[in-house]
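Remarks on the overall topology
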Amino acid sequence: KQIINITDVGHLTDDADDGDDKLEVSSKKENTTAWEIANKYTENYLKGREDLGLLPPHKFIKATDYITEQLDLIKTLKEKGYIYQISDGLYFDTEKFPAYAEFAHLNLDNQRTSERICLKEEKKSQSDFAVWKFSQKNKQRAMEWSTPSSLLDDGSEKKGFPGWHIECSAIILNELGNTIDIHTGGIDHIPIHHTNEIAQSVSATGSKLANFWLHNNHMKIDGTKISKSLQNGYTLADITKKGFTTDDFRMFVLQSHFQNETNFTFANLKAAANRLLNWRNYATIRHQSYTTVNQNQEKLTFLPESKLLLEILNDNLNTPKALTFIDSVFSKIDNTEKIIDRKSFTEFLETIDSLLGFNLIESTPDINDETKQLIIKRRNARDNQDWERSDELRNELTKKGIALRDTQKHSYWHYLK
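Below: a short report on this structure. For every chain, the first residue of its written sequence is number 1, and the numbers climb from 1 along that sequence. Side-chain atom pairs in this predicted model are given and counted only at pLDDT of 80 or more, local residue features only at pLDDT of at least 70, and totals for whole chains, interfaces and linings cover all residues. Water and hydrogen atoms were dropped before computing side-chain values, which therefore reflect all heavy atoms in the structure.

1. Observations concerning the pattern of salt bridges
Note the cut-off: We define a salt bridge as a contact between a side-chain nitrogen of Lys or Arg and a carboxyl oxygen of Asp or Glu at a distance within 4 Å. By definition, any uninterrupted DSSP run of H or I lasting at least four residues is a helix, any uninterrupted run of E lasting at least two residues is a strand, and each is numbered from the N terminus. Buried residues are those whose accessible area, probed at 1.4 Å on protein chains only, stays under 20% of the maximum for their type, while exposed residues exceed 50% and partly exposed ones sit between those limits.
Across all of its chains, the model carries 21 salt bridges by this definition. Across the pair lysine 78 and aspartate 153 runs a salt bridge, and its minimum N-O distance is 3.5 Å. With a gap of 75 residues between them, lysine 78 in helix α3 (residues 67-79) and aspartate 153 in the loop between β6 (145-146) and β7 (159-162) connect regions that are remote in the sequence. Judged by relative accessible area, lysine 78 falls into the partly exposed class, the value being 23%. Residue aspartate 153 is classed as exposed on the basis of its relative accessible area of 55%. By sharing partners, the salt bridges in this structure join Arg378, Arg379, Arg382, Asp383, Arg394 and Asp406 into a single network.

2. Section: a nonpolar patch on the surface
Counted only if it meets this: Residues enter a patch when their relative accessible area is above 30% and they make no salt bridge; the linking distance is 9 Å between like charges and 5 Å between nonpolar side chains (Val, Leu, Ile, Met, Phe, Trp, Tyr). For the accessible areas, the method is Shrake-Rupley and the probe is 1.4 Å, while residue cover comes only from the protein chains on display.
A grouping of Tyr45, Leu46 and Phe60 is seen on the molecular surface, where their side chains present a nonpolar patch of about 230 Å² in accessible area. With respect to the helices and strands, the residue phenylalanine 60 is situated in strand β2 (residues 59-62).

3. As for the nonpolar core
Heads up, the rule is: For the purposes of this section, nonpolar cores are sets of buried Ala, Val, Leu, Ile, Met, Phe, Trp, Tyr and Cys residues that join through side-chain atoms within 4.5 Å.
Among the nonpolar cores identified, the biggest contains 39 residues, and Ile74, Leu77, Leu90, Phe92, Val131 and Trp132 are the most heavily contacted of them. Broken down by secondary-structure element, the contributors of at least two residues to this core are α2 (34-51), α3, β4 (89-92), β5 (129-134), α6 (164-175), α7 (190-205) and β9 (210-216). When residues in this core are grouped by element, the largest group, 5 residues, is from α3. Core analysis: the second largest hydrophobic core is formed by 38 residues, Leu52, Ala272, Tyr282 and Phe302 among them.

4. Quick look at the sheet that holds β7
Under the convention used in this document: Between any two strands, at least two bridges found by DSSP are needed for them to pair. The contact criterion used is simple: two residues touch if any of their non-hydrogen atoms lie within 4.5 Å. Every angle, taken between N-to-C directions, lies between 0 and 180 degrees, and every axis is a line fitted to C-alpha atoms, over only the stretch in contact when it is a helix.
One open sheet holds the 5 strands; their spatial order is β3-β4-β5-β7-β6, and the pairing between them is antiparallel. Two strands bound the open sheet, and with one partner strand each, they are β3 (83-86) and β6. Note: β3 against β4, 4 bridges, orientation antiparallel. Each bridged residue has a counterpart across the sheet, and for isoleucine 83 the counterpart in β4 is phenylalanine 92. Sitting on the sheet, α7 is in contact with β4 and β5, with an inclination near 85 degrees to β5.

The structure is reproduced here in structure tokens:
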């Protein structure tokens, strides 16, 4: 059971709980409301996932749909003595959670030496973080809710909104329980966001938050960090406008291990696209092979390959090794005079599609009978050393987007693109 949350409120422009909500800032730039901004980019994200062929989770949950649950969690933390109030909001007291620095191996002593310079004036410690921010006086926000009087020291009326970290803990506790199997996120989440999640979740429940953490590394653009200020990012639309597919991009991503930094260039994407085209051309061989063969003919089978591929991916999602393994399996077909066993080869292709999502089967239909007849005629011309006629027929096939690879006994067709 997988849950993906949509942070449509509470992520400030500064991770240290300063600045304004990112959606409020964007709404002013685009001259619209924060709610419209949230809907626009949520729909864009969901459309992108669909275009990439990503499997949907059991639920997408918006932070704004879980305000009550977030306030309930804050109430629990306050009752246990972890929350204190200052002028701009309610904060988690990290000194009351002794294991705070363990997850990210933080050096809090170094942080404390700089507190007199950069500590928010009222915070008890630099590492303390906001669970609920108060709206500024005389400034109405598009996204704000009443703060329960039970959370306030003086019982006054204040509007506010949740901090970034509290949404994740509240959604996990209400949808998945106190301890989940796998928690994912970027490596930049380790020192702040996930550290804070652990602190508030464990403090509230007394249970471990996650058994496993999968943190993906960054993708750079032309060797540079992706930045709004540099405007050096690309969208899926930018990629498809240049003639690439989302499957090409999938191949590019999976060529790097999720824990390693990777660098996007269109040259690298082109190399990934060529690799995928090569795979698809190998996939067409299933249309040119046989389920059964003469007992005197040797057969090339692919019976253990599916199991081996799964074992590789089970080793910390080692996708680069998996792709290299698939290359090696396909290379066995090159120049072989054995008959390809269609059944086992098709099963191997189905395993690739199931585990990696490349749609090799769906994207490589068989050619029509007319094209097959041209290939037979061209093979006959070649066998009869009628090179002129052979070249004419090859050119006809090229116009149909079909190329040939000749061996001593066979002419295998494949797609040009």
